[in-house]
Amino acid sequence: MEMTELEPKIVWHYFDEICKIPHPSGKEEQIIAYIVNFGKEHGLETLTDEAGNVLIRKEATPGLEHLTPVVLQSHMDMVCEKNNGTAHDFSKDPIHAIVEGGWLKACDTTLGADDGIGVAAQLAILTDDNIKHGPIECLFTVEEETGLTGALSLKPGVIKARRLINLDSEEDGVYCIGCAGGVGTIATFQYQPEPAKENLFFFEVKVKGLLGGHSGEDIEKERGNSIKILNRFLWTINQKTPLYLQSIDGGNLHNAIPREASAIAAVEFPMKEQVRVMLNLFISEIEQELPGETEFQMELQSCEKSANIIDKATTNQLLNALYACPHGVIGMSRDIPGLVETSTNLASIKMAENNTIIVGTSQRSSVESKKHDIKNQVGSVFALAGATVKHGDGYPGWKPNMNSKVKDLVDQSYRKLFNDAPRFEAIHAGLECGLILEKYPDMDMISVGPTIIGNHAPGEKIEISTVEKFWQLLLDVLIAE
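Predicted model, so just to flag it, every value in this text is computed and none were measured.

Colleague: Can you explain the side chain of Arg 259? Please cite residues and give values.
Modeller: Here Arg 259 is to be found in the loop between β12 (244-250) and β13 (261-268). A polar contact is formed between the side chain of Arg 259 and the backbone oxygen of Lys 82, at a distance of 3.4 Å.

Colleague: So what's going on with the nonpolar core? Which residues, and what values?
Modeller: In terms of nonpolar packing, the biggest core is built from 60 residues, with Trp 12, Phe 15, Leu 72, Phe 140, Ile 165 and Ile 462 touching the most fellow members. Residues within four places of Trp 12 in sequence aside, it is in contact with Met 3, Thr 4, Leu 6, Glu 7, Leu 104, Ile 117, Ile 462, Ile 464 and Val 467. One finds Val 267, Phe 282, Val 381 and Phe 382 within the second-largest nonpolar core, a separate group that totals 47 residues.

Colleague: Summarise the layout of surface pockets; cite the residues concerned and give the values.
Modeller: Approximately 760 Å³ is the volume attributed to the largest pocket. Those elements giving two or more residues to the lining of the largest pocket turn out to be β8 (174-179), β20 (423-427) and β22 (452-453). Tallying contributions element by element places β20 first for the lining of the largest pocket, with 4 residues. When grouped by side-chain class, the residues that make up the lining of the largest pocket number 14 nonpolar, 9 polar and 10 charged. Estimates place the volume of the second largest pocket at around 440 Å³. In terms of lining residues, the second largest pocket is bounded by 21 residues, among which Thr 146, Gly 147, Val 183, Gly 184 and His 254 are the most central. Residue assignment for the lining of the second largest pocket shows that the elements contributing at least two residues are β9 (181-190) and β18 (356-365). The element best represented in the lining of the second largest pocket is β18, accounting for 5 residues. Partitioned by chemical class, the residues of the lining of the second largest pocket number 6 nonpolar, 13 polar and 2 charged.

Colleague: Report on the side chain of Asn 231, specifying residues and quantitative values.
Modeller: With respect to the helices and strands, the residue Asn 231 is situated in helix α5 (residues 226-240). Apart from residues lying up to four places away in sequence, Asn 231 is in contact with Leu 318, Leu 319, Leu 322 and Tyr 323.

Colleague: Would you mind going over unusual backbone geometry in detail, with residue names and values included?
Modeller: Residue Pro 8 follows Glu 7 across a cis peptide bond; omega there is -5°. Following the sequence through the fold, Pro 8 ends up in the segment before α1 (9-20). For the bond from Asp 114 to Asp 115, the omega torsion is 0°, close enough to zero to count as cis. Within the secondary structure layout, Asp 115 lies in helix α3 (residues 113-127).

Reading the values: the criteria
- Residues numbered from 1 in each chain as written.
- Predicted model: local features only at pLDDT ≥ 70, side-chain atom pairs only at ≥ 80, totals over all residues.
- Heavy atoms only, no water.
- Helix = DSSP H or I, 4+ residues; strand = E, 2+ residues; numbered from the N terminus.
- Polar contact = N/O pair within 3.5 Å; in protein donor to acceptor, adjacent residues only side chain to side chain.
- Core = buried A, V, L, I, M, F, W, Y, C linked by side-chain atoms within 4.5 Å.
- Buried < 20%, exposed > 50% of the residue type's maximum accessible area, 1.4 Å probe, protein only.
- Contact = heavy atoms within 4.5 Å.
- 1 Å grid on protein atoms, 1.4 Å probe; cavity = no way out; pocket = protein on both sides within 12 Å on 5 of 7 lines; lining within 4 Å.
- Points joined across faces, edges and corners; volume = space filled by probe spheres on them.
- Nonpolar A, V, L, I, M, F, W, Y, C, P; charged D, E, K, R; others polar.

Given below as structure tokens:
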């Protein structure tokens, strides 16, 4: 079955269109142009700002002008992740999606249902004049996945409505009324290239096949971190015999738990077989520690000698700092049972220009002071190792409003439509709602969406039946009072 044959057809039509348009974070020019042209073609008031955010307004259905104005909000960008060996160029290739067992899923890449399905729903509502609604605005933001840039750049006074429905939640019947704030911490190591000694055995070691996932929503699942695993192996070797590091690479995005990592290193040639024995023992340890990571693999292959290596002092400092750097849940909420309060993600490590190594991390917390505390803790680890540390501006959390009118409307509509009670909860992930609330402190907000699994990782999929429920709920809430 083709995607466009699914119900509701109008929503899947626009999601199919979105899948054809490249829209990586920071490179949303084509999707912005598509949405702006869409608004103009339909004769709708269409505004853009310097950041690239798009706002489209549509007047109320005749006779419903009295309804409270609503702004529907989603982000245009997607996380671009693919499995190693996958020949896909996110800057030009369409996303290939298939229907499989009640789900629409991507093949070896992310799908972009986060948040393409929200964008599709907005376009569908703006298109269909048979849909009844009060005054609506549709806000499409940029670069949500890489730092909430669009919401951060949003100016006060642009949005007229004071009731907002964010379309970026990912579980049917479980809707968000609060989220964590976050901040990024970057550590930069400066090294000196040194000529490699003679009689060294060079090898490349790879970690792959880990589940990865979202650094907020999945952090409590204790999934393997490829950088931590790789570094632990290298660090262990370095305790027994001098390890000479030539390069290291792992992870890509601040908000994704890294799935793959690799390094090229060397030891004295007589240690060649010992390193292979150590790897086999190490793999056994990790498999016992992470039984849920059934696809986990580590490989070690000999490689050609490198002319230069990273100076030994920096190698030692880097390995120690990565080992000491915390990763995972730091604390649980004392107010909401089961909610992660504070966490940190060791997200990426990259070789960069001018003989530098850049380590990316991100911290989250629903308590502002705890967010800064873990940020400073991570920064201190790297500062002690001689790295230069910089913290991002971060973004605020969204404190739940249990007296929210829009929450009550969603509750009533869901019960009426599906004869069941929805759940309302705060999440550990970051949403743009916190930044929007900062600009519009009187905004009443909720976040809704269909069920999406594995967002931010290859194989991301969306449950088809929940898209229809999401659509029905949205249309009912738009005429609720």
